[in-house]
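Residues per chain are reported as follows:
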Amino acid sequence: MNTSLINKYNIPGPRYTSYPTVPFWDEAAFTSDLWQQSVIRSFNESNDAEGISIYIHLPFCEQLCTFCACHKRITKQHSVETPYLESVLKEWQLYLQLFGKKPKIKELHLGGGTPTFFSPENLKILLEGIFAHAEIAEDPEFSFEGHPNNTTKAHLQTLYDLGFRRCSFGVQDYDPQVQKAINRIQPFENVERVTNWAREIGYKSVSHDLVFGLPFHNWEKMEYTIRKTLQLKPDRLAFYSYAHVPWIKGVGQRGFDENDLPSGEEKRKLYENGKKLLEELGYIEVGMDHFALEHDDLYQSMISGDIHRNFMGYSSSKTQLMVGLGMSAISDSWYAFAQNEKTVEEYQKRVEEGMIPVFRGHILNQEDLLVRQHILNLMCRLETSWDESTDFPELQNALESLKEMEADGLVELRDSSIKITEQGRAFTRNVAMTFDLRMMRNKPETRIFSMTI
């Protein structure tokens, strides 16, 4: 990897699970009524043909991992499970009233927090409550995130019996010094046990999440983690860059010193060396920061062109409407985004009052929709094209800034299209930023994003 390119392009930037990104939402123009109108429109346009997606945020964790920037609540009191799930099911009823008929569920994902904080029995109650008023689409994609330390065989069997066929385990790293720094003590044996259980039960895709750039990381530690992971040969891997955002209220990234983190150049070498090792062992890079074996749906969707990216990350299928249930969950109607209240108490209070508990959002205008599609194309297929007569007026400004990237070998520009080169894959976020009109017009005065490299 060219050191000068890393130094040049290692700047703060979004990960583009949405466009516009959350800091640039026009919250002043957003109302709950407009959100609900957009949901009804999207549901009527797409439910019969493709179905909907559901994301359920289960925020509780028994201990704080000090690398985590997710919305969570730390507690060992499992008495919180039942009232929280009752609120989620009440929120679902509020959406069902909007739909007016049974939704067809194509995708469902349990995220967190730690979904396996909840007992198998309570997860069954939750999901049966969701399914009782819905149809299940053909070939649904149901997945969940599990913590290897507390995922039981009963969790895996219960969710499998409810239609789940994909599970993801947060590994992060196996080195003892790194685990101690991020407060994530997790023996390899625990990961091995849950991975083997999932395969015995019949899950078709087991994914492991690894993170590079954590405190005390060097190639020796990273290689150790990758080789331990490959002993289990998960079907897909997320190989994430650690997002260091300690200034955000509520994150736990204070368990180590800034000096304990690898530099931008060292961090990128971890990825490049890791990518090379993964590819030597049969994994193929998919989109950005993801790898899969050839048989996995994620790779197959990349080949077919069906791969999609949303607030849940990369997906092998797409629905127009994604409903987020639970505290802090984000929903996407394609025409609008909405985020739920970010504390458990406020979320539950709003639901008990019979209100869809969104507290902020964004209504996309025509320009947003055009830019969104370009950024999606780049993040999913590493290329995009346009019709200059109908595209956004500031396209030429984006193309001018891309000429420098072309000179650096990161992109190939044609008359009405752009393609990210193999060398440019490492800078996909930077390429997408050139299309980000809302960020260009509203330069943040303080740092709000993690570094791109």
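Worth saying up front: this structure is predicted, and the values here are computed from it rather than measured.

S.K.: Please explain the side chain of Asn-310 as it appears in this structure.
M.R.: Tracing the sequence through the fold places Asn-310 in strand 11 (residues 308-310). Discounting residues that sit within four places of it in the chain, Asn-310 has contacts with Thr-17 and Met-322.

S.K.: What exactly am I supposed to notice about the sheet that holds strand 17 (residues 383-385) here?
M.R.: Strand pairs in the sheet, formed through backbone hydrogen bonds, run parallel or antiparallel to each other. With antiparallel pairing, the three strands of this open sheet are ordered in space as 17-19-18. Of all strands in the sheet, those bounded by a partner on one side alone are strand 17 and strand 18 (411-413). Taken pair by pair, the neighbouring strands of this sheet meet at an average axis angle of 10 degrees, ignoring direction. Bridging between strand 17 and strand 19 (residues 417-420) involves three bridges; their strand directions are antiparallel. Note on strand 19: the bridge partner recorded for Glu-383 is Lys-419. Sheet strands in contact with helix 12 (residues 366-381) are strand 17 and strand 19, and its direction is about 150 degrees off that of strand 17.

S.K.: Looking at this structure, I do not really get the pairing of strand 6 (residues 166-172). What am I missing?
M.R.: Residues in a regular strand project their side chains so that they alternate between the two faces of the sheet. Buried residues dominate strand 6, accounting for seven of its seven residues. By the alternation rule, side chains of strand 6 split into Arg-166, Ser-168, Gly-170 and Gln-172 and Cys-167, Phe-169 and Val-171, which are all buried. In this sheet, strand 6 lies alongside strand 5 (residues 135-146) in parallel orientation, the contact comprising four bridges. Across the sheet, Phe-144 pairs through a bridge with Cys-167, a residue of strand 6. The pairing of strand 6 with strand 7 (residues 205-212) spans six bridges and is classified as parallel. Residue pairing across strands places Phe-169 opposite His-208, the latter belonging to strand 7.

S.K.: Would you take a moment to explain helix 5 (residues 153-161) for this structure?
M.R.: Residues separated by three or four positions in an α-helix point in the same direction, a consequence of the helix having 3.6 residues per turn. Looking at helix 5, one finds that the buried residues are His-155, Leu-156, Thr-158 and Leu-159. Along the axis of helix 5, the buried residues cluster in a sector spanning 165 degrees; they form a single face. Contacts made by the buried residues of helix 5 are with strand 4 (104-112), helix 4 (120-131), strand 5, strand 6 and helix 7 (188-201). Positive backbone phi, approximately 110 degrees, marks Gly-163, located one or two places after helix 5.

S.K.: I would appreciate a short explanation of the packing of aromatic side chains in the present structure.
M.R.: Tallied over the full model, the rule gives 22 aromatic pairs. Ring centres of Phe-60 and Tyr-84 lie 5.4 Å apart, and the angle between their planes is 80 degrees; on these two criteria the pair is classed as edge-to-face. Of this pair, Phe-60 sits in strand 2 (residues 60-61) while Tyr-84 sits in helix 3 (residues 81-99), and the two are 24 residues apart along the sequence. No difference in accessibility class separates Phe-60 from Tyr-84, as the two residues are buried. A centroid spacing of 6.3 Å and a plane angle of 45 degrees characterise the contact between Tyr-84 and Phe-118, whose relative ring orientation is tilted. With Tyr-84 in helix 3 and Phe-118 in the loop between strand 4 and helix 4, the pair connects residues that are 34 residues apart, well separated along the chain. Residue class for Phe-118 comes out buried when judged on its relative accessible area of 0%. Three or more aromatic residues joined by ring pairs form one cluster here, namely Phe-131, Phe-142, Phe-144, Tyr-160, Phe-164 and Tyr-203.

Quick notes on the rules
Think of each chain on its own: its residues are numbered from 1, step by step along the sequence as written. Only residues with pLDDT of at least 70 get local features here, since the model is predicted, and only at 80 or more are side-chain atom pairs given and counted; chain-wide, interface and lining totals rely on the full set of residues. Values reported for side chains reflect all heavy atoms of the structure, with hydrogen atoms and water molecules removed beforehand. Strands are runs of DSSP state E lasting at least 2 residues, helices are runs of H or I lasting at least 4, and numbering of each runs from the N terminus. The criterion used for residue contact is that any of the two residues' heavy atoms lie within 4.5 Å. Strand pairing follows a simple DSSP-based rule, namely that at least 2 bridges must link the two strands. Fitted lines through C-alpha atoms serve as axes, helices being fitted only where they are in contact, and the angles separating the N-to-C directions of these axes extend from 0 to 180 degrees. Think of it in three bands: residues with accessible area under 20% of the maximum for their type are buried, residues over 50% are exposed, and the middle band is partly exposed, with areas taken using a 1.4 Å probe on protein chains only. The directions from the helix axis to the C-beta atoms form the arc being described. Two rings from Phe, Tyr or Trp (for Trp, the six-membered ring) form a pair when their centres are within 6.5 Å of each other. A pair whose planes differ by under 30 degrees is stacked, one over 60 is edge-to-face, and the rest are tilted.

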